[in-house]
Amino acid sequence: MEKIVKIVTIAIIVLFIALCSKDLLPTSKEINDMDVLKLIGLDYDEKAEENEKASLSCMINKEEGEASSGSESNTEKQKVISYKSKTFNNASRTMQFYTDKTITGSHINYFIVGEQTAKEDINKVLDQVSRAQEIRLTTHIYLVKDMTAYDFLKELVSAEYELSNKLQSIEKKGSYKTVVNYLTISELLSSKLSESKTYLIPTLNLIDNSDKLKDIKEEGVEESKELEKNFDFYGYGIMKDNKLIDYLNLEESIIYNMLINKAQGGIIDIEDKNKNLISFGINDIKTTYDYKFDKNNKLSQVIIKLKFRSNFEEVQSKEDITKNENIYMYQYLQEEKIKKQVEQVIEKTQKINIDILNIGQNLKIKHPYKYRKVKSEFEENYKNLDIKVDVESTIDRTYDII
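Source: prediction; values computed, not measured.

**Structural notes on the overall build of the protein**
Stage number 1. Helix and strand counts for the protein come out as 14 helices and 14 strands.
Stage number 2. Here the protein, with 402 residues, has 43% of them falling under the buried criterion.
Stage number 3. Partitioning the intrachain contacts of the protein with sequence separation of at least 6 by distance along the chain shows that 72% fall at a separation of at least 24.
Stage number 4. Total accessible area on the protein stands at roughly 23,200 Å², and carbon and sulfur atoms take up 47% of it.

Now the structure itself:
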């Protein structure tokens with residue numbers, strides 16, 4: 001009997017707490033009562049006034065018949081709203097007062113961070129983002145080159161497409177996977193905690209189509225605003241100790257992905273003797289690192305070996321592509337072109353003295369005991385390291401040529 005009384009008492013207490021606590025008893029929400037945000041822009045300006053340092057921007061659909069005012073941008077379908085406060089937490093609270101609908105962070109798929117924020121200290125943004133309970137750690141993060149996140153959204157607000165939908169679309173395209181690999185919040189935080197504290201963030205940039213639009217208008221064709229306002233992947237932003245140091249452009253990013261074995265294919269164009277183009281699709285890309293040591297076990301040279309296979313995609317040349325001597329020549333031209341591009345990427349990394357290619361990490365895995373002896377010297381003198389590049393191409397004779 002006493003046992004039953006205890007069980008009943010506990011049940012009553014639990015029920016009472018559940019009924020009195022909104023946190024323990026979830027409340028249902030109608031979709032019409034919610035503003036679903038898929039993309040947020042984040043800027044932090046240390047030089048701004050105390051109550052305007054943290055800026056949170058979002059792009060939302062306009063309700064029918066709604067007029068523009070304040071910081072909103074004129075458009076038929078969308079508008080950009082910016083909230084400023086001393087912290088992102090306060091800016092987020094301010095956002096809730098903008099509308100009678102509930103704004104939740106659980107649907108955010110993308111964070112866009114302005115260039116200046118990344119140059120000063122991206123931790124100002126990441127600290128709030130990583131602590132927010134509603135935010136998914138699988139959310140993707142991007143930098144914006146040469147502008148703030150707010151200005152980037154403001155420039156694209158007149159586009160016919162939704163920014164988040166286009167980002168999702170180009171991420172899935174095979175060609176873009178070769179150029180840029182997206183980065184999640186959890187992956188970024190893991191890289192920040194790594195020994196080198198070096199990581200790369202995918203970067204977007206605004207495309208200026210004004211010249212193209214001018215040509216079209218001269219032909220008497222009416223073109224949509226989407227052509228004038230567009231964006232694409234620029235490449236990667238190189239981060240060190242929470243600050244943006246430099247960028248890898250589109251071409252450099254492709255080579256970078258090949259060097260870290262994250263490229264899923266690609267295209268390489270070469271010219272024959274008569275300057276006619278031959279386009280090859282490349283695949284089966286594999287990069288390995290070898291290390292040479294002197295008699296004192298000091299690192300004397302790093303050898304980067306990059307191998308890939310290629311197929312004829314488009315041939316504008318009139319040469320006979322089935323001849324062995326031509327096949328060997330095309331392979332040589334491919335190898336020389338890729339080798340030159342790899343050397344340019346290495347030169348950039350050594351100029352800023354940042355090992356983004358994980359040469360040190362590979363050395364640690366391959367020769368752990370030797371790495372301990374050369375670790376401090378490697379980090380300080382990476383810029384003077386002797387790095388040799390070896391590229392090997394194999395052309396497959398496809399399409400029943402032979």
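Let us keep going from here.
**Description of the packing of helix 11 (residues 250-259) against helix 12 (residues 324-351)**
Stage number 1. Taken N-terminus to C-terminus, the directions of helix 11 and helix 12 make an angle of 95°; their axes are 10 Å apart at the nearest point. By the angle between their directions, the pair helix 11 and helix 12 is classed as roughly perpendicular. Across the interface between the two elements, Glu251, Glu252, Ile255, Met258 and Leu259 of helix 11 pack against Ile338, Gln341, Val342, Gln344, Val345 and Lys348 of helix 12.
Stage number 2. Of the residues belonging to the contact of helix 11 with helix 12, the class tally is six nonpolar, two polar and three charged.

**A word on helix 13 (residues 359-366)**
Stage number 1. Taken as a whole, helix 13 has its buried residues at Ile359, Gly360 and Leu363. Each buried residue of helix 13 sits inside an arc of 95° when the element is viewed along its axis, so together they form one side.
Stage number 2. In this structure, the buried side of helix 13 is in contact with strand 12 (277-293), strand 13 (299-315), helix 14 (368-380) and strand 14 (387-396).

**Observations regarding the pairing of strand 13**
The side chains of a regular strand alternate between both faces of the sheet.
Stage number 1. In this sheet, strand 13 lies alongside strand 12 in antiparallel orientation, the contact comprising 14 bridges. Within strand 13, the position partnered with lysine 286 by the bridge is lysine 307.
Stage number 2. Two successive antiparallel strands, strand 12 and strand 13, enclose a turn made up of five residues, where asparagine 297 displays a positive phi of approximately 65°.
Stage number 3. Where strand 13 meets strand 14, 10 bridges bridge the pair, whose relative direction is parallel. Within strand 14, the residue paired with lysine 307 across the bridge is glutamate 392.

**A closer look at the confidence of the model for the protein**
Stage number 1. Overall, the prediction assigns the protein a mean pLDDT of 80, with 77% of residues at 70 or greater.
Stage number 2. Counting contacts from residues 67-75, a segment whose pLDDT is below 50, to residues more than four positions away or on other chains yields 21 contacts.

**Observations concerning helix 5 (residues 149-156)**
Given 3.6 residues per turn, any residue in an α-helix points the same way as the ones three and four places further on.
Stage number 1. Turning to helix 5, its buried residues number three or more, namely Ala149, Tyr150, Phe152, Leu153 and Leu156. Along the axis of helix 5, the buried positions cluster into a sector of 160°, meaning they face one direction only.

**A look at the environment of isoleucine 285**
Stage number 1. Of note, isoleucine 285 is situated in strand 12.
Stage number 2. Its relative accessible area of 14% is what places isoleucine 285 among the buried residues.
Stage number 3. In this structure the C-alpha to C-alpha distance between isoleucine 285 and phenylalanine 308, which are 23 residues apart in sequence, comes to 4.4 Å.
Stage number 4. The contacts of isoleucine 285, once residues within four sequence positions are left out, are Met258, Asn261, Ala263, Gly265, Leu306, Lys307 and Phe308.

**Here's the deal with the packing of aromatic side chains**
Stage number 1. Applying the stated criterion across every chain, the model contains 10 aromatic pairs.
Stage number 2. When the centroid spacing of 6.3 Å and the interplanar angle of 40° are considered together, the rings of tyrosine 110 and tyrosine 142 count as tilted. Here the residue tyrosine 110 occupies a position in strand 6 (residues 110-114), and tyrosine 142 occupies one in strand 7 (residues 140-144), the gap between them amounting to 32 residues. Each of the two residues, tyrosine 110 as well as tyrosine 142, counts as buried.
Stage number 3. Measuring from ring centre to ring centre gives 6.2 Å for phenylalanine 280 and tyrosine 330, while their planes differ by 55°; the resulting arrangement is tilted. Residue phenylalanine 280 is found in strand 12, and its partner tyrosine 330 is found in helix 12; the two are separated by 50 residues along the sequence.
Stage number 4. Using a relative accessible area of 0% as the deciding quantity, one classes phenylalanine 280 as buried.
Stage number 5. With relative accessibility at 1%, the residue tyrosine 330 sits in the buried group.
Stage number 6. Among the aromatic residues, ring-to-ring pairing joins Tyr110, Tyr142 and Phe233 into one connected group.
Stage number 7. In this arrangement the basic side chain of lysine 145 is found over the ring face of tyrosine 234, its NZ or CZ atom lying 5.0 Å from the centre.

**Details of the layout of surface pockets**
Stage number 1. Taken as a whole, the largest pocket encloses approximately 870 Å³ of empty space.
Stage number 2. Taken together, 29 residues make up the lining of the largest pocket; nearest its centre are Ser196, Thr198, Tyr199, Ile356 and Asn358.
Stage number 3. Mapped onto the lining of the largest pocket, the elements with two or more residues apiece are helix 8 (185-192), strand 8 (198-208), strand 9 (229-240), helix 11, helix 13 and helix 14.
Stage number 4. Of the residues forming the lining of the largest pocket, the biggest block, four residues, is contributed by strand 8.
Stage number 5. The residue makeup of the lining of the largest pocket, split by class, is 13 nonpolar, 10 polar and six charged.

**With respect to the pattern of salt bridges**
Stage number 1. Here the structure, examined in full by the defined rule, presents 11 salt bridges.
Stage number 2. Close ionic contact of aspartate 146 with lysine 145 constitutes a salt bridge, the shortest N to O distance being 3.1 Å.
Stage number 3. According to the relative accessible area criterion, lysine 145 is buried, its value standing at 17%.
Stage number 4. A salt bridge links aspartate 290 to lysine 366; its shortest N-O distance comes to 3.0 Å. Taken together, the positions of aspartate 290 in strand 12 and lysine 366 in helix 13 put the pair 76 residues apart, joining distant regions of the chain.
Stage number 5. Classification of aspartate 290 as partly exposed rests on a relative accessible area of 24%.
Stage number 6. Relative accessible area serves as the criterion here: at 44%, lysine 366 is assigned to the partly exposed category.
Stage number 7. It is possible to trace a salt-bridge network through shared partners that takes in Glu46, Lys53 and Lys124.

Rules used in this analysis
Position numbers for residues start from 1 in each chain and track the written sequence from start to end. For this predicted model, a pLDDT threshold of at least 70 governs which residues receive local features, and a threshold of 80 or more governs which side-chain atom pairs are given and counted, while totals over whole chains, interfaces and linings are taken from all residues. Side-chain measures were taken over the full set of non-hydrogen atoms in the model, leaving aside hydrogen atoms and water. Secondary structure counts use DSSP, requiring at least four H or I residues in a row for a helix and at least two E residues in a row for a strand, with both numbered from the N terminus. The buried label applies to any residue whose accessible area, calculated with a 1.4 Å probe on protein chains only, is under 20% of its type's maximum; exposed applies above 50%, and partly exposed to all values in between. Contacts are residue-level and defined by heavy atoms, with any inter-residue pair within 4.5 Å sufficient. With residues, only the protein chains shown are counted as cover, and all accessible areas are computed by Shrake-Rupley using a 1.4 Å probe. Convention adopted: a line fitted to C-alpha atoms gives each axis, helices being fitted over their contacting stretch, and angles between N-to-C directions are expressed from 0 to 180 degrees. An angle below 35 degrees is treated as roughly parallel, one above 145 as roughly antiparallel, one from 65 to 115 as roughly perpendicular, and anything else as oblique. Residue type decides the class: Asp, Glu, Lys and Arg count as charged, Ala, Val, Leu, Ile, Met, Phe, Trp, Tyr, Cys and Pro as nonpolar, and the leftover types, Gly among them, as polar. This arc describes the spread of directions from the helix axis toward the C-beta atoms. Two strands pair if DSSP finds at least two bridges between them. A residue's pLDDT is the predictor's confidence in that residue, given on a scale from 0 to 100. For Phe, Tyr and Trp, where Trp contributes only its six-membered ring, two rings pair if their centres lie within 6.5 Å, and the inter-plane angle classes them as stacked under 30 degrees, edge-to-face over 60, or tilted in between. When the NZ atom of lysine or the CZ atom of arginine is within 6 Å of a ring's centre and also within 35 degrees of its normal, the charge is said to sit over that ring. Points on a 1 Å grid over protein atoms alone make up a cavity when a 1.4 Å probe fits among them but cannot get out, and a pocket when they form an open set with protein on both sides within 12 Å along at least five of seven lines; lining residues each have an atom within 4 Å of a point. Grid points are joined across faces, edges and corners, and a volume is the space filled by probe spheres set on the points. By definition here, a salt bridge exists when the distance from a side-chain nitrogen of Lys or Arg to a carboxyl oxygen of Asp or Glu is within 4 Å.

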